[in-house]
Amino acid sequence: MRWDIFCQIVDNYGDAGVCWRLARSLSQMSIHGDDIRIRLFCDDLKVLDQIAHGNATRFGASLGIEVLPWHDATKIDVIENPNTVADVVIEAFACTIPKEYIDAMALSVKKPLWINLEYLTAESWADGMHLLPSPQNNGLNKYFYFPGFTNKTGGVTLGDWDEVVCRGDIPESLASSWNLCRSHSKRISIFNYRHAPLEAWLLSLDQAAHSAGDYVDVLVCASQNISRGFFDHAFKNIRLIQLPFVPQEDYDWLVAHCDFNLVRGEDSFVRAQWAGKPFLWDIYPQEDLAHEIKLEAFLKLYFEDASSALSTIAIPAMKWASPETWWPLLDTWTNHSKAWAAKLRALGPLEGKILDFVKSQEISR
């Protein structure tokens, strides 16, 4: 069964990260017996290259993923032969699939299953919208697919997470930085947006670590909003370590092996949850403040089973409260995070749920 995934880059790495993750996850399932052949069309391959070992086309081929530039969707025999369109077509985040390709979908003898993969949200309305069909004026149905955190939504991608966690050696791209960490330190990764009050947060973290007698190594992903001079600040107990830009699965390893993660967007947000460690989600800011509603919805679910002592402290922590206010509860928060990761696993990963949906539609058509 052939799948075409369409990805247009809006956020720096978020859209590419999610689409690349999905392609990799589905490709991995094909290794275990499912007939899945994937083409990934992307309108900015340079961004995709950065998270895929410098060459998404070549690395994708090694995984069985055909990575193609966006305009190839209008060239690859589609117009002359509509039956070359895929069996499953995924438009990520309501991107605009080329008209020529959509026309070919409508003309094909066997109509493809058209899925609009939506943004991840914990908002309750997603439960009712998940898998609803949207009839199109060309006779096709487009189905909404909502990733989420309940059994009424589509789950979140797991991919090769278990292999990442069990990997014994340090990824080559991280080795020189990771080896700078002190053997007895706690580790924190930072990958956030530029608007955040990061330097003030780090100063408070230093004070919290000093008060607790902890040493903390802070691994800062490339291009974060920390001034060069701040790296030379005379901290008491924390140490800042600059990281290079690393491939997606190497970043996963980093998140899995840190004690706390500061993440952003959607893909790293999900990885932080699989890690079973406390984290701060620097959610993508929107002009209409819709991100604040999304954050509140997630916090309500995430802390639903937490003690009042933890949620009272940790909810403000997820909104940039000073680490001095929550650092003493780090172990309690870690236990809660592990329980949340187990809950996600019980729901089933997105790649399995979306494949189940495709198979159900194949049977019913």
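Residues numbered from 1 in each chain as written. Predicted model: local features only at pLDDT ≥ 70, side-chain atom pairs only at ≥ 80, totals over all residues. Heavy atoms only, no water.

1. Some words on the overall build of the protein
Looking only at helices and strands, one finds 15 helices and twelve strands in the protein. Across its three principal directions, the C-alpha atoms of the protein cover 70 × 40 × 40 Å. Counting only carbon and sulfur atoms, one obtains 53% of the accessible surface of the protein, whose full area is about 15,700 Å². Computed over 33 positive and 47 negative side-chain charges, the separation of the two mean positions in the protein equals 2 Å. (Helix = DSSP H or I, 4+ residues; strand = E, 2+ residues; numbered from the N terminus. Areas by Shrake-Rupley, 256 points an atom, 1.4 Å probe, with all protein chains shown as cover. Lys, Arg positive; Asp, Glu negative; His and termini not counted. Charge placed at Lys NZ, Arg CZ, Asp CG, Glu CD.)

2. Observations concerning the sheet that holds strand β12 (residues 279-282)
The strand order β10-β9-β8-β11-β12 describes an open sheet built from five strands, whose pairing is parallel. Each edge of the open sheet carries a strand with a single partner, namely β10 (238-242) and β12. Strand-to-strand, the axes of this sheet are offset by a mean angle of 15°, without reference to chain direction. With four bridges connecting them, strand β11 (residues 260-264) and β12 associate as parallel partners. Note that in β12 the partner of Val263 across the bridge is Trp281. (Pairing = 2+ DSSP bridges. Axes fitted to C-alpha atoms, helices over the stretch in contact; angles between N-to-C directions.)

3. Quick look at the packing of aromatic side chains
In the structure shown here, the tally under the stated rule is 33 aromatic pairs. With centroids separated by 5.4 Å and ring planes inclined at 80°, the aromatic side chains of Tyr302 and Trp340 adopt a geometry described as edge-to-face. Of the two residues, Tyr302 is situated in helix α12 (residues 290-302) and Trp340 in helix α14 (residues 330-347); the sequence distance between them amounts to 38 residues. The buried category is assigned to Trp340, whose relative accessible area is 4%. We note Arg187 situated over the ring of Trp178; from NZ or CZ to the ring centre the distance is 4.8 Å. Directly above the aromatic system of Phe231 lies the positively charged group of Arg228, at a separation of 4.4 Å from the ring centroid. (Phe/Tyr/Trp six-rings, centres within 6.5 Å; stacked < 30°, edge-to-face > 60°. Buried < 20%, exposed > 50% of the residue type's maximum accessible area, 1.4 Å probe, protein only. Lys NZ or Arg CZ within 6 Å of the ring centre and 35° of its normal.)

4. Focus on the nonpolar core
Core analysis: the biggest nonpolar cluster contains 71 residues, and Phe149, Trp201, Leu202, Phe298 and Trp333 have the highest contact counts within it. By size, the runner-up hydrophobic cluster in this structure holds 38 residues, among which are Trp20, Leu48, Tyr145 and Phe357. (Core = buried A, V, L, I, M, F, W, Y, C linked by side-chain atoms within 4.5 Å.)

5. Thoughts on the environment of Lys294
Counting through the fold element by element, Lys294 comes out in helix α12. Sequence spacing of Lys294 and Tyr119 is 175 residues, and the spatial spacing of their C-alpha atoms is 11 Å.

6. Digging into the packing of α12 against α14
It is the contact of α12 with α14, at a shortest axis distance of 11 Å, that shows an interaxial angle of 95°. Relative to α14, the element α12 is oriented roughly perpendicular. Residues Phe298, Leu301 and Tyr302 of α12 lie in contact with α14, whose contacting residues are Trp333, His336, Ser337 and Trp340. Tallied by class, the residues present in the contact of α12 with α14 amount to five nonpolar, two polar and no charged. (Parallel < 35°, antiparallel > 145°, perpendicular 65-115°, else oblique. Contact = heavy atoms within 4.5 Å. Nonpolar A, V, L, I, M, F, W, Y, C, P; charged D, E, K, R; others polar.)

7. Some words on helix α13 (residues 308-317)
For α13, the set of buried residues is Leu310, Ser311, Ala314 and Ala317. Buried residues of α13 fall within an arc of 125° about the axis and therefore sit on the same side. Away from its buried face by more than 90 degrees, α13 exposes Ser308 and Thr312. Those residues of α13 hidden inside the fold are in contact with β12 and α14. (Arc of directions from axis to C-beta.)

8. Looking at the side chain of Gln361
The topology assignment puts Gln361 in helix α15 (residues 350-364). Beyond its immediate stretch of four places on either side in the chain, Gln361 contacts Leu113 and Tyr143.

9. Here's the deal with the packing of helix α1 (residues 14-31) against helix α10 (residues 248-257)
Here α1 crosses α10 at 95°, and the two axes come no closer than 11 Å. Relative to α10, the element α1 is oriented roughly perpendicular. Residues Gly17, Trp20, Arg21 and Arg24 of α1 lie in contact with α10, whose contacting residues are Gln248, Glu249 and Asp252. A class-by-class count of the residues in the contact of α1 with α10 yields one nonpolar, two polar and four charged.

10. Notes on the confidence of the model for the protein
Residues of the protein with pLDDT of at least 70 account for 98%, and the chain-wide mean is 93. Confidence, read as mean pLDDT per element, is least for helix α9 (residues 228-231) in the protein (86) and greatest for α14 (98). (pLDDT = per-residue confidence, 0-100.)

11. Quick look at α10
For α10, the buried fraction is high: nine of the ten residues fall into the buried class. When we look at burial in α10, the residues that qualify are Gln248, Glu249, Asp250, Tyr251, Asp252, Trp253, Leu254, Val255 and Ala256.

12. Description of the pattern of salt bridges
The final tally for this structure, using the stated rule, is 14 salt bridges. Residues Asp72 and Lys75 are paired through a salt bridge, measuring 3.6 Å at the closest nitrogen-oxygen approach. With a shortest N-O distance of 2.8 Å, Arg182 and Asp217 are connected by a salt bridge. Of this pair, Arg182 sits in the loop between α7 (172-178) and β8 (186-190) while Asp217 sits in strand β9 (residues 216-220), and the two are 35 residues apart along the sequence. Exposure remark for Arg182: the relative accessible area of 16% places this residue in the buried category. Connected through salt bridges with shared partners, the residues Arg21, Asp252 and Asp267 form a single ionic network. (Salt bridge = Lys/Arg side-chain N within 4 Å of Asp/Glu carboxyl O.)

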